[in-house]
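Residues per chain are reported as follows:
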Amino acid sequence: MDETLRTDLRTRVEELLAEHDPATTGPLEFLRARFDAGLAWVHFPGGLGGLGLPRRHQPFVAELLAAAGAPDRDRRRLTIGLGMAAPTILAYGTEEQQRRFLRPLWTGEEVWCQLFSEPGAGSDLAAVATRASRDGDTWVVNGQKVWTSVAHKARWGMLLARTDPAVPKHAGLTYFLCDMTAPGVEVRPLRQLTGEAEFDEVFLSDVRIPDAHRVGAAGEGWRVAHATLMNERIALGDLAPPRESGMIGVVAGTWRDRPDLRTPGLHAKLLWLWAEAEAARLTGLRLHQKLESDHPGPEGSAVKLALARLAQQLSGLELELLGADGLRYADWTMTQPDLVELTGGDAGYRYLRAKGNSIEGGTSEILRNIIAERVLGLPREPRADSGVAGQEPAR
Amino acid sequence: MNSRAQGADLDLLYSDVEDALRESVRALLSSRCTAQQVTTVYDGGGPGGRLWRSLAVDLELAGLLVPEEHGGAGASAREAAVVLEELGRFVAPVPFLTSSVISVSAALAAGDGTVTARLASGEWTGALAVPLTTGPASFTPAVRVDADGTLRGRVAVVAGAIEADVLLVPAATAAGTELHLVMADDPGIRITPVVSLDMTRQVADLELSGAASRRLLDSSTGETAVRGALRLGAALLASEQVGVADSCLQLTVDYLRQRRQFGRVVAGFQAVKHRLADLWAQVESARAVARYAAAAAGDPDLPVAASLAQAYCSEVAVLAAEECVQLHGGIGMTWEYPAHLYLKRAKADQLALGNAAAHLTHLAELVNLPSG
Ligand SMILES: Cc1cc2nc3c(=O)[nH]c(=O)nc-3n(C[C@H](O)[C@H](O)[C@H](O)COP(=O)(O)OP(=O)(O)OC[C@H]3O[C@@H](n4cnc5c(N)ncnc54)[C@H](O)[C@@H]3O)c2cc1C
């Protein structure tokens, strides 16, 4: 990194710290000030929490602030907002939307959820049947969403709805920002195999959304949703995760802590997975270096694919390693968690939860199709629905 | 070199008698052990005791492996294996494996007519007091016989103990391992249920502190009997795993046949078809391996057959359950859909009676492929 830039960032951080001493400033107040100083995400534009710098400078700022003991958000509560809503609003939102939504999103005052999937539209997302009909300055929305992670905590939802049933299905979609507290939004817990209800069903009945909360043009929803999905697939990791981040770190920790459990067979398996995890980490790093300010492309799919498989194999191996303790489970009671915990809980929880990694945010099969078709340029699968009008989305 | 083609002289197919037995077990389970009923086990409910009585007493499965002169059906391990396939298919929360296979095997080795007769009639349900993870090659007793003749020690994660009326407890003495009978309501034993990864085979921690017991086997034969019971258990658990795997495959095929995305039936995508074809081939291989392990119960090749069965079938069952969740998409992750029942059973079964790595290490000795 060039020295002048580094000095400039250091000065900005020092000024922020001088004006808002973390020791005496409330965390929220500090975070808002950090956002306003352009030190939230330096690759965002000035005025929106950033400085218009390349992405790679962010870790330097984060390090300085952490070293000074500055408060930070619990990022795990904000994965969906930070990873998906923010880049989408930045790319396609109006200036007014950017000003209204990005700051509380970043500070953690407002949690987001993703209202995409429906019972009949999962992999085939363009088949969404939730209807939004225009009524003057507002849209009236009716339909059902499903598997909506932490909808019960969300203030806002990224909503994909059908606004024109008469045109081919990809062309009839529009993207909205849905107020989860609006009348007609009903969130029902949906229990997951872990015992928890981490995701929900969301029923939308005559929900009125102001046209000002439409993102992109009417009919442009597929393109906007695509940006969200591409970001989802790379948002899963930090920008620069250290070695042994994620599931490999957890399982390596168990291995180090429990010499009594070690066997040669499991050792060989663990070492190979360690090598694969490191390969995936470096692949992710390369991807982020290439990204800089550009929008993520289909290559991100490969990293998500690898990380999902590794999380599953590693958490499965951990149970084998634990043996007798692997047969225990913390608690089956149904609760509604505040956040999505991918590596938390006990080993049994991790094993079960990791199964979702290859389904959420696009299944591994769909990601392979994306790599095959969009990276390698292979012919598409024959499909029965292209050009079919959307009023009866294929189910 | 081997001149004998292991397995060639054994029948690896299902006999008419076995098919009839399967039908009667399946008929009962279809009405009394639905996925919905099984799921309630995780919230403290479930078909539990009454279902077990019907299977054990009405269908006389408790005494399946007990010779007729001791009040049993005098069937072979092959029939028990078919029962286990069905129990796996329905993820039935009943102690057939732990009581009617493993405990019966140990009791038969002890030659104690009273114990076997009571286990056979279903009057008693038994459990061998070893951790469920213990394989035939890795057994060492955690309980010892005290100077006053009572039993003392802790045994973690014992399967079947919650349902048990009697516990068969391997107990160490200076001379070796003895086998003791302890009544489950003895004041000297505490049985603490464990919140288990697989609640359909819930385990419990045992603590024996001065438990009164009757010795069934002395130190000259105790260990052999325990290992023999665990080996038979490992050999037959493979059939349960085949039942689990087969059920997962079937569930997935049925679901994807009707699930439509992109205007097509999802099962029609070639990538999906290939996955299912691979899985089918693996389930069929697991079936062959499990059938061999069941047929080899009285054969000198049983140690190889049992370790092969656990190394292979445990992995196939886990694979099938994982594919089942994955290929269902979001619905496979939900509580209300039964895929998770299979996943939890398959994963717990993989750890049970010796994991694949332990069985492969044992196989390495048996088939002379030393490590270094
Ligand atoms: C833990 C979890 C959290 C989630 N959170 C959210 C959320 O917050 N918001 C949201 O909108 N959604 C969420 N989802 C939903 C998720 O995006 C969908 O489940 C996913 O896109 C798959 O859709 P589906 O469940 O309908 O499966 P289907 O599309 O029915 O797929 C079933 C199976 O067929 C395979 N398949 C489908 N098409 C093809 C093909 N062409 N070629 C090969 N294989 C194919 C799939 O890969 C899958 O294995 C979540 C899901 C999970 C499990």
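Residues numbered from 1 in each chain as written. Chains lettered and ligands numbered in written order. Predicted model: local features only at pLDDT ≥ 70, side-chain atom pairs only at ≥ 80, totals over all residues. Heavy atoms only, no water.

Residue and element names in this part refer to chain B. By the definition in use, this model includes three cavities of 30 Å³ or more. Volume-wise, the largest cavity comes out at about 80 Å³. Thr98, Ile102, Leu128, Val130, Pro131, Leu132, Ala159, Leu230 and Leu353 are the residues that line the largest cavity. Considered as a void within the structure, the second largest cavity measures approximately 50 Å³ in volume. Taken together, Pro93, Val94, Pro95, Thr98, Gly160, Glu163, Thr200, Arg201 and Gln202 make up the full set of residues lining the second largest cavity. (1 Å grid on protein atoms, 1.4 Å probe; cavity = no way out; pocket = protein on both sides within 12 Å on 5 of 7 lines; lining within 4 Å. Points joined across faces, edges and corners; volume = space filled by probe spheres on them.)

Our focus in this paragraph is the UniProt feature "domain: Acyl-CoA oxidase/dehydrogenase middle" (unreviewed entry) in chain A. Those residues carrying the UniProt feature "domain: Acyl-CoA oxidase/dehydrogenase middle" (unreviewed entry) are residues 113–206 of chain A in this numbering. In residues 113–206 of chain A, helix accounts for 0% and strand for 51%; the two terminal C-alpha atoms are 19 Å from one another. (UniProt positions renumbered as here; feature names shortened; annotations may be inferred. Helix = DSSP H or I, 4+ residues; strand = E, 2+ residues; numbered from the N terminus.)

Time to look at a nonpolar patch on the surface. Residue and element names in this part refer to chain A. On the surface, Val375, Leu376 and Leu378 cluster together into a nonpolar patch covering about 270 Å² of accessible area. You can see Leu376 is positioned in the segment after helix H11 (364–375). Here Leu376 falls in the exposed class, since its relative accessible area comes to 57%. (Patch = residues over 30% accessible without salt bridge, like charges linked within 9 Å, V, L, I, M, F, W, Y side chains within 5 Å. Areas by Shrake-Rupley, 256 points an atom, 1.4 Å probe, with all protein chains shown as cover. Salt bridge = Lys/Arg side-chain N within 4 Å of Asp/Glu carboxyl O. Buried < 20%, exposed > 50% of the residue type's maximum accessible area, 1.4 Å probe, protein only.)

A word on the UniProt feature "domain: Acyl-CoA dehydrogenase/oxidase N-terminal" (unreviewed entry) in chain B. UniProt tags residues 17–105 of chain B as "domain: Acyl-CoA dehydrogenase/oxidase N-terminal" (unreviewed entry). The annotated region residues 17–105 of chain B carries 62% helix and 0% strand content, and the separation between its end C-alpha atoms amounts to 22 Å.

On to the pattern of salt bridges, then. All names here are of chain B. A complete count under the given rule lists 58 salt bridges over all chains for this structure. Between Glu86 and Arg22 there is a salt bridge, with the nearest N and O atoms lying 2.7 Å from each other. Of this pair, Glu86 sits in helix H4 (residues 77–89) while Arg22 is found in helix H1 (residues 16–32), placing the two residues 64 residues apart along the sequence. A residue is classified by how much of its surface remains accessible, and Arg22, at 8% relative accessible area, is buried. In the salt-bridge network here, residues are joined through shared partners; they are Arg22, Arg26, Glu85, Glu86, Arg89, Asp246, Glu284 and Arg287.

Take the pairing of strand S7 (residues 199–210) of chain A next. Successive residues of a regular strand alternate their side chains across the two faces of the sheet. Residues and elements named next belong to chain A. Here strand S3 (residues 138–149) pairs with S7 via nine bridges, running antiparallel. For Val140, the partnering residue across the bridge sits in S7 and is Arg208. Across six bridges, strand S6 (residues 185–190) lies against S7 in antiparallel orientation. Looking at S7, one finds that Glu186 is bridged to Phe203. (Pairing = 2+ DSSP bridges.)

Taken together, 29 residues sit near the ligand, with A:Ser123, A:Trp147, A:Thr363, A:Glu365 and B:Arg259 positioned nearest. What surrounds the ligand is not a single chain but chains A and B. A distance of 2.6 Å separates an oxygen atom of the ligand from a polar atom in the side chain of B:Arg259. Calculation on the ligand without its partners gives an accessible area of 970 Å², and the protein chains cover 97% of this total. Broken down by secondary-structure element, the contributors of at least two residues to the shell around the ligand are S3 and H11 of chain A together with helix H9 (302–328) of chain B. Split by residue class, the shell around the ligand holds eleven nonpolar, 14 polar and four charged. (Near = heavy atom within 4 Å. Polar contact = N/O pair within 3.5 Å; in protein donor to acceptor, adjacent residues only side chain to side chain. Nonpolar A, V, L, I, M, F, W, Y, C, P; charged D, E, K, R; others polar.)

Time to look at the state of the cysteines. Residues and elements named next belong to chain B. A full pass over the atoms with the stated rule returns zero disulfides over all chains. The thiol of Cys33 is unpaired, and the distance to the nearest cysteine sulfur, on Cys248, comes to 15 Å. The thiol of Cys313 is unpaired, and the distance to the nearest cysteine sulfur, on Cys248, comes to 14 Å. (Disulfide = S-S within 2.5 Å.)

As a further point, take the nonpolar core. B:Leu29, B:Leu55, B:Leu87, B:Phe96, B:Val101 and B:Leu236 are the most contacted members of the largest nonpolar core, which totals 148 residues. Looking at this core element by element, the count peaks at 17 residues for helix H7 (residues 222–258) of chain B. Each residue touching B:Phe96, except ones within four places of it in the same chain, is listed here: B:Trp52, B:Leu61, B:Leu64, B:Ala80, B:Val83, B:Leu84, B:Leu87 and B:Val101. Counting 37 residues, the second largest nonpolar core, distinct from the first, contains A:Phe44, A:Leu105, A:Ala127 and A:Val340. (Core = buried A, V, L, I, M, F, W, Y, C linked by side-chain atoms within 4.5 Å. Contact = heavy atoms within 4.5 Å.)

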